[in-house]
Amino acid sequence: MNTLIDKVALITGSGSGIGRSAAILFSQAGAKISVADVNAEHGATTVNLIEANGGQAIFVECDVSKPENVRSMISTTVKAFGGLNILYNNAGGSTMMDGRVTEAPDEEFWRVIGLDLYGTFLGCKYAIPELIKAGGGSVINMSSNQALMGVAGRICYTAAKGGIASMTRAMAVEYGGHKIRVNAIAPSVTLTERVKKLLEQSTEIQKQAERHLVGLAEPEDVANLALYLASDQSALITGQVISVDSGVTIS
Ligand SMILES: NC(=O)c1ccc[n+]([C@@H]2O[C@H](COP(=O)([O-])OP(=O)(O)OC[C@H]3O[C@@H](n4cnc5c(N)ncnc54)[C@H](O)[C@@H]3O)[C@@H](O)[C@H]2O)c1
């Protein structure tokens, strides 16, 4: 399905997990991929996987919580491929340091706010002018089921992902006139290497996992929705926070 032919897509955190799956899927759909990650080795592996499959990709080393890094991530991408059509703000994730509001360390609050929320803010801040130049485009943000339900023991992550869901709606309104669609994905437990480890250690996540109605997600399950949101097949969908959650938010 060549739904992204002639498109340029930048995916943050695509050195592993859901981001890597999306990078491979978007490339198979015809897009040129800018693989942005703080981990150079993992990012290079994603590029190799894409190239081995006949796709086109570059690696850009970037910490999404640093404005100068993000600015240069965008300009490097535009220089390499001549423009930008799709931004997928995927980098992020919770850790075992999170907890209830009375216990979670301030450091963990600012870590996840810096990475997930501020990283998404910065990505949009510097990429949207390029999408406007390209005549429109698609922004995909990464929220979480935790932004949509009351889950105990993950207060820092919940705050960051809730902020991303709210920003998504506001930015959809701000840039709809420029033909830019902004949506967010809200996955629940998805079996990336990082989350497999969290699942072993966290009884809160184990309890949530047991409530999934049709099994836990693989990274490709989330990447498939990202591909749809990136493509013109979702041309009328904007400002939405869409779950890939095996029914956990309704069970
Ligand atoms: N896996 C899940 O269960 C799940 C559920 C809901 C939401 N999410 C969200 O999906 C996204 C991806 O999750 P994942 O499980 O694939 O994670 P992952 O840990 O497998 O991959 C995250 C990638 O981001 C990179 N990264 C970390 N900090 C960075 C930074 N400062 N700048 C740039 N890159 C950075 C890492 O090097 C890694 O390659 C995250 O935003 C996460 O919160 C995941």
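Cut-off values and rules
- Residues numbered from 1 in each chain as written.
- Predicted model: local features only at pLDDT ≥ 70, side-chain atom pairs only at ≥ 80, totals over all residues.
- Near = placed C-beta within 6 Å.
- Helix = DSSP H or I, 4+ residues; strand = E, 2+ residues; numbered from the N terminus.
- Nonpolar A, V, L, I, M, F, W, Y, C, P; charged D, E, K, R; others polar.
- Expected span 1.5 Å × (residues − 1).
- Buried ≥ 20, exposed ≤ 12 C-beta atoms within 10 Å, placed from the backbone.
- Arc of directions from axis to C-beta.
- Contact = placed C-beta atoms within 7 Å.
- Core = buried A, V, L, I, M, F, W, Y, C linked by C-beta atoms within 7 Å.
- Pairing = 2+ DSSP bridges.
- Right-handed = clockwise from strand over helix to strand, strands pointing away.
- Axes fitted to C-alpha atoms, helices over the stretch in contact; angles between N-to-C directions.
- Parallel < 35°, antiparallel > 145°, perpendicular 65-115°, else oblique.
- Left-handed = near helix turned anticlockwise from the far one by under 90°.

S.K.: Would you take a moment to explain the site of the ligand for this structure?
M.R.: With respect to spatial proximity, 30 residues lie near the ligand, and among them Gly 13, Gly 15, Gly 17, Gly 92 and Thr 192 are the closest. Elements represented by at least two residues in the shell around the ligand include exactly α1 (17-28), α4 (106-133) and α6 (193-201). Grouping the constituent residues of the shell around the ligand by class yields 10 nonpolar, 15 polar and five charged.

S.K.: Looking at this model, I keep getting lost on helix α2 (residues 40-52). Mind explaining?
M.R.: Because the α-helix completes a turn every 3.6 residues, residues three or four places apart line up on one side. Spanning 13 residues, α2 covers 18 Å between terminal C-alpha atoms, matching the ideal 18 Å at 1.5 Å per step. Where α2 is concerned, the buried positions are Gly 43, Thr 46, Val 47 and Ile 50. Projected down its long axis, α2 carries its buried residues within an arc of 100°, all on one side. Set apart from the buried face of α2 by more than 90 degrees, the exposed residues are Glu 41, Asn 48 and Ala 52. Contacts from the buried residues of α2 go to α1, β2 (32-37) and β3 (57-61). Positive backbone phi, approximately 90°, marks Gly 54, located one or two places after α2.

S.K.: When you look at the nonpolar core in this model, what are you seeing that I'm missing?
M.R.: Note on soluble globular proteins: their nonpolar side chains tend to be buried together. Ala 9, Ile 11, Ala 22, Phe 26, Ile 33, Ala 226 and Ala 230 are the most contacted members of the largest nonpolar core, which totals 70 residues. Among the elements that make up this core, the one with the highest residue count is α4 (10 residues). Among all residues touching Ala 9, those that are not within four sequence positions of it are Leu 4, Phe 26, Ala 31, Ile 33, Asn 85, Ile 86, Tyr 88 and Ala 230.

S.K.: Even after reading the chapter, I still don't get the pairing of strand β5 (residues 137-142), so can you show me in this structure?
M.R.: A regular strand places its side chains so that they alternate between the two faces of the sheet. Burial analysis of β5 places six of its six residues in the buried class, the great majority of the element. Burial along β5 is two-sided: the residues Gly 137, Val 139 and Asn 141 and Ser 138, Ile 140 and Met 142 are all buried. Relative to β5, strand β4 (residues 86-89) runs parallel, the two being bridged by four bridges. The partner of Asn 89 across the bridge, within β5, is Asn 141. With α4 bridging β4 and its parallel neighbour β5, the resulting β-α-β unit is right-handed.

S.K.: Looking at this model, I keep getting lost on the packing of α1 against α2. Mind explaining?
M.R.: Axis angle and axis distance: for two packed helices, these are the angle between their axes and the distance between the axes, and together they describe the pair. Running from amino to carboxyl end, α1 crosses α2 at an angle of 25°, the nearest separation of the two axes being 10 Å. Accordingly, the angle class assigned to the pair α1 and α2 is roughly parallel. The two elements α1 and α2 meet at a crossing, and its hand is right-handed. Across the interface between the two elements, Arg 20, Ala 23, Ile 24 and Ser 27 from α1 touch Thr 46, Leu 49 and Ile 50 from α2. The class makeup of the residues in the contact of α1 with α2 is four nonpolar, two polar and one charged.

S.K.: Is there a simple way to think about the pairing of strand β1 (residues 8-12) in this case?
M.R.: Burial analysis of β1 places five of its five residues in the buried class, the great majority of the element. The side-chain alternation of β1 yields two buried faces, one formed by Val 8, Leu 10 and Thr 12 and the other by Ala 9 and Ile 11. As a crossover connection, the stretch from β1 through α1 into β2 is right-handed. Where β1 meets β4, three bridges bridge the pair, whose relative direction is parallel. Following the sheet pairing, Ala 9 is matched in β4 by Ile 86.

S.K.: Looking at this structure, I do not really get the sheet that holds strand β7 (residues 241-244). What am I missing?
M.R.: Backbone hydrogen bonds hold the strands of a sheet together, and the pairing may be parallel or antiparallel. Taken together, the seven strands give an open sheet; going across it, the order is β3-β2-β1-β4-β5-β6-β7, and neighbouring strands pair in parallel fashion. Bordering the open sheet on either side are β3 and β7, each of which pairs with just one other strand. On average, each strand axis in the sheet is tilted by 20° relative to the strand beside it, whichever way the strands run. Both β5 and strand β6 (residues 180-187) contribute to a ladder of six bridges, which runs parallel. By the bridge assignment, Gly 137 is partnered in β6 with Ile 180.

S.K.: What's the story with the packing of α4 against helix α5 (residues 155-175) in this structure? I'm lost.
M.R.: Where α4 contacts α5, the axes come no closer than 8 Å and their chain directions differ by 15°. If you check the angle between α4 and α5, you find them roughly parallel. Between α4 and α5 the crossing geometry is right-handed. Where α4 approaches α5, its residues Glu 108, Phe 109, Val 112, Ile 113, Asp 116, Leu 117, Thr 120, Phe 121, Cys 124 and Ile 128 are matched on the opposing element by Cys 156, Tyr 157, Ala 159, Ala 160, Lys 161, Gly 163, Ile 164, Met 167, Met 171 and Tyr 175.

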